[in-house]
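Structural overview for review
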Amino acid sequence: MRRLTSALLLLAVLGGVLGTQVGIRTDLAEFLPPGRSPASAFLFRELQSGAATTLLLAGIEGAEPAELARVSRETAAGLRASGRFDFVGDGSTTLGEAEQALLFRYRYLLSPETRPGAFTAAALRPKLEALLEGLRTAASPLLARVGFADPTGAFLGLARAFVAESRLETRDGAWFATEGPPRALLIARARSGAGLDAEAQGEAVATFRAAFAAAKPGPARLLLSGPGVFASEAAAAIRADIRLITLASAGLLAAFLLWRYRSLLLLGLVAVPLAAGTIAGFAMTALVSNGAVQGIALGFGMTMLGVTVDYPILLASLRQPEEALRDAARRIWPTLRLAAASAALGLAAMLGSGFPGLVQLGVFAGTGLLAAAATTRWVLPWLLPGARIAARPLPRPIRAALGALRGRRGLAGGVMLGAAVLLALGGPSWQRDLAALSPVPRAAQALDGELRRQLGAPDVRVLFALGPGTDAEVLAASERLAEAVAPLLGHALQGIDLPSRYLPAEATQRARQAALPAPETAQAALAEAMAGLPFRPSAFAPFLAAIAESHGLPPLTAAALAAGAPTLAARLSPLLSRRGEAVQGVALAQGVADPAALADLARRLDDPQILFIDVKAETEGLLDAYGRATLLWALAGGVLVLGLLGLGLGSPWRALRVAGPIGGALLVTLAVLTLLGEALTLFHLASLLLLAGLAIDYSLFLAGDAADDTMGAILNCATSTLLTFGLLAFCGTPVLHGIGLTVSIGVASAFLLACALAPKIPTHA
C-alpha cells in the first residue's frame, strides 16, 4: 500500500511539473484542413489571423437614451485605454487634429467626386447655394470652418466614410439603432488574438465586460457578440459540461468498482496506468511538437486513454484464486500486449492525416496506450505484490444471461441489418456545417445577426480576396472589382466594402490630380458661380489655394496613412493588411442575394489578383475533403491492425474472427448514428477509434477464453466504460453529446458481438 501511495504521489508531481513546463495551445485552426485551392488556403489563413474574426459587437439597452449614451462613451473610453483594441467605434469616434488636417489636405486626391465636371460653374453654383443655406442652421460653426476651403464637401464625405457614421443614428456622441427600443451600439476589433484562439478571444471579451462594468451602468445591460464571444462561451459551456459529467461519472464508476471488488486498492490500480499513460503521452507529444501541446489534443487524448481503465480491471478480474498478481500479469501479457499494440496502431489514421492537431492526438493516445499497458504488466505487480483483489460473483440472472449470449451466432444478424440500413440510407453523412457543432444557443446566434445588421458589420459569408502583391497592385485590383461589381449593386448584393474606398490607388490619385482645374480656370469658374450670391470676392481664397496645393501633393500611401492618421489606418486595416512581405486585400460583400452572380463575375474577370470566396461553400468543401481523407487513413489503420492480429495470433482466420466484433460494432454504431440523424464529425471519428481500441480488448480476451470469469471481467470493463463516457450522451454540447452517443452504442455492440462470437464452453456429463 505504501508503494502504491508513493507511486500516485510521484505521478502527481511529474504531471504537475509537465503542466508548468509545457505550453498549451488553444488555436482551433490546427484541427482544420489547410486547404488545397487558393480559396480554401486563403480562408484557412483568415481563420487563423483574419481581422474580421476579431470583431466584437455590442448593444447597450435597458435605460434612457441619455444614460445609454453616457455608458457607451465611457465603455468605449475604457476599451481604448486598455490597449487591447485596434479600433473602437461608438459614435464619439472623432479624428484628431493631425488626422483631420491630413484628410483635409488630401481630400481632392481621395474623394471619388474629384472629376473635371465637379469644378465648373454649373457644378459649383448649387454647392455654394447649399453652403449659404447651411450657414443659417445649427451646422454653421462647422461649415464656417471648412466650407469656404471646401465648398464641394469632399472632406465631410470622406470623414463620414472613414468613421461609418452614415449607417447609424448618432445621439449625444453615441451610435443608436434606428429600429426597436433604444439601444446604443459599439464595435471593437481586438488587437491580438487569432480568430480561433479561444484564450486570446476570451481575454478581449473579459476586457470589454470590465470596461462596461467600470462605466457604472446601473439598470443598463450589455449585449455582446462576435467570434470572440462565441469562442469563449463555447469553451465555458464545454468546461461546465465536462465538470458536471466528470464528477457524476467518477462517482458512479467508483461506486461500481467498490461494489464489484470491495477494495479501495482497485481504485489505485486503475489510477496508476491511466496517470502513467497520460504523462507519457503528454511528454512525447511535447517532444515531437517543440514543447507545446494543442489543448484539444490533450483533452481528447486523455479521453481516448479511457481504454486503459480496462487493463488493471482485466488484471484483477482474471487473476486466479491463489495466483500472485505478478504471475497473472505474466499470463495475460501476450493478449494484453497484442490488444494495446493493435489499438495504438489503429491511430495511424491520425498520424498520416497531416494536420498538426490530429498528429498530436495520435501521438498522445498511442504513446499513452503502450505506456499504460507496460505499467499494468510490470509496475502494478511490483506496487502490490501480495494483493488479493477479486471481483465478487455476478448475480445469478446476469451469469445466466451471459451464458446465453455465448456462441449466439444469430446476433451477427444485427450486423447484417446495420449494413442494410447504411446501404438504404446512402451511408453515413459528414457534418458540413460548423455552426451545427456550436454550443452557443440559437438566441445568441440570432443576437449576433441582429447586431451585425444594425451596425452594418460584415457577416463574412461572401468576400473577395485581393492580391497578394504590393499596395499599388492590391488597390488597383480593388478598383477594378469596384467597377465590375457596380452593375450588380441593388439586386445581387446591397454593397461592398473595398480598401480603395478609403485609399485609392496611386494611379487613381494622380488621375484625380490631373482632373483638377488650373488655378486661373478654377478662379474663373468660381467667380461665375458666385454671381448674385452674398459672398465676399475673397471668401473662397482657401479653396483656390487648396486646388493649387493638391496639384503638387505626392500620392497618399498606406504607410503614410498609418504614420499620420492611426484612426484612419485602423479603419482601413481589416481590408488591407500585410502578410509577410506582401500585402493582402479583402473586399467584403454585404447583403448578398445571389452568390452565383458574384462567382460568375469573378470568372468573367479572370483576374489573378481577384479571388471570389463563398465561405460557406468553401468550408463545406474543405470538410468533405477532410472527411474522405481521414476515413481513408482510418481504413489504412484497420488494415495494419488486421495484419498485426494475424501475426500475433498466428493465423489469418483467427485474426478475422477477432476482428469480426470490432468491424461489426463499428458498422452497427454507424448505422444507429445514421438512423438518429447524427452527421459525422472529427469527434465522432475519434470516438470510433476509441471504440475500436475497446472492442479489441473484448474480442481478444473472449476469443481465447470464454469462461464465466472472463465474460464477467469483460462485462466489468464495458460497464466501467459506459459509466465513464456514456453520460456524455446527455450533454447539451453537440461535440460531447456525439462522443458519448458513439461510445455508448459502440461499447454495447462490441460487448454483445464479442460474447456472441466467443467459443462455447463444452458441457461434461
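Residues numbered from 1 in each chain as written. Predicted model: local features only at pLDDT ≥ 70, side-chain atom pairs only at ≥ 80, totals over all residues. Heavy atoms only, no water.

With that out of the way, let us pick up the side chain of S749. Turning to its location among the elements, S749 is positioned in helix 31 (residues 734–756). The exposure class of S749 is buried, given its relative accessible area of 11%. Separated by 2.8 Å, the side chain of S749 and the backbone oxygen of I745 make a polar contact. (Helix = DSSP H or I, 4+ residues; strand = E, 2+ residues; numbered from the N terminus. Buried < 20%, exposed > 50% of the residue type's maximum accessible area, 1.4 Å probe, protein only. Polar contact = N/O pair within 3.5 Å; in protein donor to acceptor, adjacent residues only side chain to side chain.)

Here we take up the nonpolar core. Within the largest apolar cluster, 115 residues are counted, with the highest numbers of intra-cluster contacts made by Y698 and F751. Residues contacting F751, with those up to four places away along its chain left out, are L402, L405, Y698, M711, I714, L715 and A718. In terms of nonpolar packing, the next biggest core, distinct from the first, is built from 53 residues, A159, A477, L588 and L601 among them. (Core = buried A, V, L, I, M, F, W, Y, C linked by side-chain atoms within 4.5 Å. Contact = heavy atoms within 4.5 Å.)

Across all of its chains, the model carries 21 salt bridges by this definition. R183 is the salt-bridge partner of E61, the closest N and O atoms lying 3.1 Å from each other. On the criterion of sequence distance, the pair formed by E61 in strand 2 (residues 55–61) and R183 in strand 6 (residues 183–190) is long-range, its members being 122 residues apart. Classification of E61 by relative accessible area gives buried; the value is 12%. Note that R70 is salt-bridged to E67, the shortest N-O span being 2.6 Å. Pair noted here: R70 and E67 are both in helix 3 (residues 65–82), with a separation of three residues, about one helical turn. Overall, the relative accessible area of 26% leaves E67 in the partly exposed class. (Salt bridge = Lys/Arg side-chain N within 4 Å of Asp/Glu carboxyl O.)

For Q360, the position within the fold is in helix 16 (residues 356–383). A relative accessible area of 4% means that Q360 is categorised as buried. Sequence separation between Q360 and L640 is 280 residues; the distance between their C-alpha atoms is 20 Å.

Of note, T721 is situated in helix 30 (residues 708–725). Looking at T721, the relative accessible area reads 3%, which means it is buried. Excluding anything up to four places from it in sequence, T721 contacts D310, L694, Y698, G726, V743 and V747.

This next bit is on the state of the cysteines. With the rule as written, the count across this model stands at zero disulfides. Not engaged in a disulfide, the cysteine C717 finds its nearest cysteine sulfur in C755; these two sulfurs lie 12 Å apart. By relative accessible area, which is 1% here, C717 ends up buried. Here C755 falls in the buried class, since its relative accessible area comes to 0%. (Disulfide = S-S within 2.5 Å.)

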